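One letter stands for each residue in the lines below.
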Amino acid sequence: MNGIRIGRLFGIKVAIHPSWFVILGLFTFSLATGFFPRAYSAWSPAEAWIVAAVATLLLFASVLAHELGHSLVARAQGIPVTNITLFLLGGVSTMEKEATSPGREALMAGVGPLVSLVIGLASWAAANFVRAPLQVQAVLLYLGLANVTLAVFNLLPALPMDGGRVLSALLWWRSHDRVQATRGAAAVGRVVGYLFIALGVLQVLGGSPFGGVWLGLIGWVIIQGSRAGAAQSVMRRDLADATASRLMTKVAGWLRPFVTLSSAAQQGFRDFESRCLAVEAEEEGQVFDGLMCARDLAFEPRPKWAVRRVRDAMVPARDIPVVAPDKPALDVLRLMQTKRADRVAVISKGRLLGFVDATSVDRYLRMREADRQRLESRLKAA
Ligand SMILES: [Zn+2]
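Residues numbered from 1 in each chain as written. Predicted model: local features only at pLDDT ≥ 70, side-chain atom pairs only at ≥ 80, totals over all residues. Heavy atoms only, no water.

Visitor: Break down a nonpolar patch on the surface for me, with residues and values.
Guide: Nonpolar side chains collect at one region of the surface, where L114, L117, V118 and L121 lie side by side and expose about 360 Å² of accessible area between them. Turning to its location among the elements, L117 is positioned in helix 3 (residues 102-129). Its relative accessible area of 34% is what places L117 among the partly exposed residues. (Patch = residues over 30% accessible without salt bridge, like charges linked within 9 Å, V, L, I, M, F, W, Y side chains within 5 Å. Areas by Shrake-Rupley, 256 points an atom, 1.4 Å probe, with all protein chains shown as cover. Salt bridge = Lys/Arg side-chain N within 4 Å of Asp/Glu carboxyl O. Helix = DSSP H or I, 4+ residues; strand = E, 2+ residues; numbered from the N terminus. Buried < 20%, exposed > 50% of the residue type's maximum accessible area, 1.4 Å probe, protein only.)

Take a look at the structure:
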């Protein structure tokens, strides 16, 4: 997830997704017009708004602390963490690897809610036992309530959430099969997600549309997250033993740099039936100079095809990351992500062998799935 960078904490980039501002506004609004005026009726509206804004910002600092808990434990386990992004529903840490054992995974997932719980209880204790102005007490009381709620909510056994990851670690520990465990936790997550949606519908019918829509939205995000989590764990397993050369689509043919786009469309792409063709360097024969894909062609306005040349529409070689054929597949994907490249060239001893893009990864994963199903049906038959 991308966002606006606001700084660095412990060497980890902290960013804010645009959706975060929506929730910041909503929370401040509901605190300033509902929660605080109800509890402290003597406050002026300005007072309520200021206290509400401070409380909301501190709540998000607590969410950041929760996320830092995950990140620092991950780093202690040797997992690099590149950034933390705050978004609509809280925070998310981008980690470059997965935990290597169920115990480590459970620890990494469990520490977040623990941080929230500690902040919550400490705030609540301070509100009750430390003498402070009423406004400060109000903020502390709210932080206590909100952080404990956050801890409990995150411990729901639904996969994208920490509780789901703890559940998945438990299943992994019992079955020794990580993918199976993730699928199990994802199934539980979907049930929780549908329960949220059902509760949301009941709330809307009961006359509280805002709360109902909010619950429904959370349910939907949980269901999507569970699906994505299960798919990702299958993908990681299937890619774990693959290399760039297994993933890649072989170069089917070459285009000359100065032919027009219409003749590239008529001869190149139709004859070779390939999504992407290599473009050779001028006058040097099959020396890799760029990659021209059907999607690059589609991007060009049709009337210009007769005059524009391949060289103008291709992605030049200097903008395409290069990997060796034996590069591990997961590293190739990571490279594409960090360089924001939609295609990677596989080159060995100066010779272009093929390219990797989303479609070739997808095709490889589908082939693995088909292999697995064939094997399963053979095992059933036997
Ligand atoms: Zn968490």
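Visitor: Can you lay out the side chain of R372 for me, pointing to particular residues and giving the numbers?
Guide: The topology assignment puts R372 in helix 13 (residues 358-381). The class for R372 is buried, based on a relative accessible area of 19%. Only 2.7 Å separates the side chain of R372 from the side chain of E369, close enough to count as a polar contact. If we ignore the near neighbours within four places in the chain, the residues touching R372 are V234, R237 and D238. (Polar contact = N/O pair within 3.5 Å; in protein donor to acceptor, adjacent residues only side chain to side chain. Contact = heavy atoms within 4.5 Å.)

Visitor: Tell me about unusual backbone geometry, and please be specific about residues and values.
Guide: One non-glycine residue, R340, lies in the positive phi region at around 50°. Tracing the sequence through the fold places R340 in the loop between helix 12 (329-339) and strand 11 (343-348). Overall, R340 belongs to the exposed group, its relative accessible area being 65%. One non-glycine residue, K349, adopts positive backbone phi at about 50°.

Visitor: For the packing of helix 5 (residues 162-175) against helix 6 (residues 178-205), give the residues involved together with the corresponding values.
Guide: Close contact between helix 5 and helix 6 brings their axes to 8 Å; oriented N to C, the two are set at 140°. Comparing the axis directions of helix 5 and helix 6 gives the class oblique. Relative to helix 6, the crossing made by helix 5 is right-handed. Contact with helix 5, carried on its side by G164, L167, S168, L171 and W172, involves R178, A181, T182, G184, A185 and V188 of helix 6 and no other residues of that element. Of the residues that constitute the contact of helix 5 with helix 6, the class distribution is 6 nonpolar, 4 polar and 1 charged. (Axes fitted to C-alpha atoms, helices over the stretch in contact; angles between N-to-C directions. Parallel < 35°, antiparallel > 145°, perpendicular 65-115°, else oblique. Left-handed = near helix turned anticlockwise from the far one by under 90°. Nonpolar A, V, L, I, M, F, W, Y, C, P; charged D, E, K, R; others polar.)

Visitor: Provide a residue-level description of the coordination of the zinc ion, including the pertinent values.
Guide: Of the protein atoms, only H66 (NE2), H70 (NE2), D162 (OD) and D162 (OD) coordinate the zinc ion, at distances of 2.0 to 2.6 Å. Because the angles between the 4 donor atoms bound to the zinc ion fall within 54 to 148°, the donor set is best described as irregular. In primary sequence terms, the donor set of the zinc ion follows H-x3-H-x91-D. Of this pair, H66 sits in helix 2 (residues 45-76) while D162 is found in helix 5, placing the two residues 96 residues apart along the sequence. (Donors = N, O, S within 2.8 Å, 3.2 Å for Na, K, Ca; no water. Tetrahedral: all angles 85-135°; square planar, octahedral: opposite > 155°, others 65-115°.)

Visitor: Help me get a handle on the state of the cysteines, residues and values and all.
Guide: Evaluated as defined, the whole model comprises 1 disulfide. With its sulfur 2.0 Å from that of its partner, C276 forms a disulfide with C293. Of note, the bridge from C276 to C293 carries an S-S torsion of about 105° and is right-handed in sense. Here C276 is found in strand 7 (residues 276-280), whereas its partner C293 is found in strand 8 (residues 288-293), with 17 residues between them in sequence. C293 carries the same exposure label as C276, and that label is buried. (Disulfide = S-S within 2.5 Å.)

Visitor: Account for the nonpolar core, naming residues and giving values.
Guide: Core analysis: the biggest nonpolar cluster contains 20 residues, and W20, A74, I79, M95 and M108 have the highest contact counts within it. Of all the secondary-structure elements, those providing two or more residues to this core are strand 2 (12-16), helix 1 (18-39), helix 2, strand 3 (81-87) and helix 3. Sorting elements by how many residues they give to this core places helix 2 first, with 6 residues. Not counting residues up to four positions away in its chain, the partners in contact with A74 are I79, V81, M95 and M108. By size, the runner-up hydrophobic cluster in this structure holds 17 residues, among which are L247, A329, L335 and V346. (Core = buried A, V, L, I, M, F, W, Y, C linked by side-chain atoms within 4.5 Å.)

Visitor: Tell me about the sheet that holds strand 11, residues and numbers included.
Guide: Pairing between the strands of a sheet comes from backbone hydrogen bonds, and it takes one of two forms, parallel or antiparallel. Read across the open sheet, the 4 strands follow the order 5-12-11-10; overall the sheet is mixed. Looking at the sheet topology across the chains shown, the edges are occupied by strand 5 (249-250) and strand 10 (322-323). The pairing of strand 5 with strand 12 (residues 351-357) spans 2 bridges and is classified as antiparallel. Counted as the bridge partner of T249 is F355 from strand 12. Packed onto the sheet, helix 13 meets strand 5 and strand 12 and runs at close to 80° relative to strand 12. (Pairing = 2+ DSSP bridges.)

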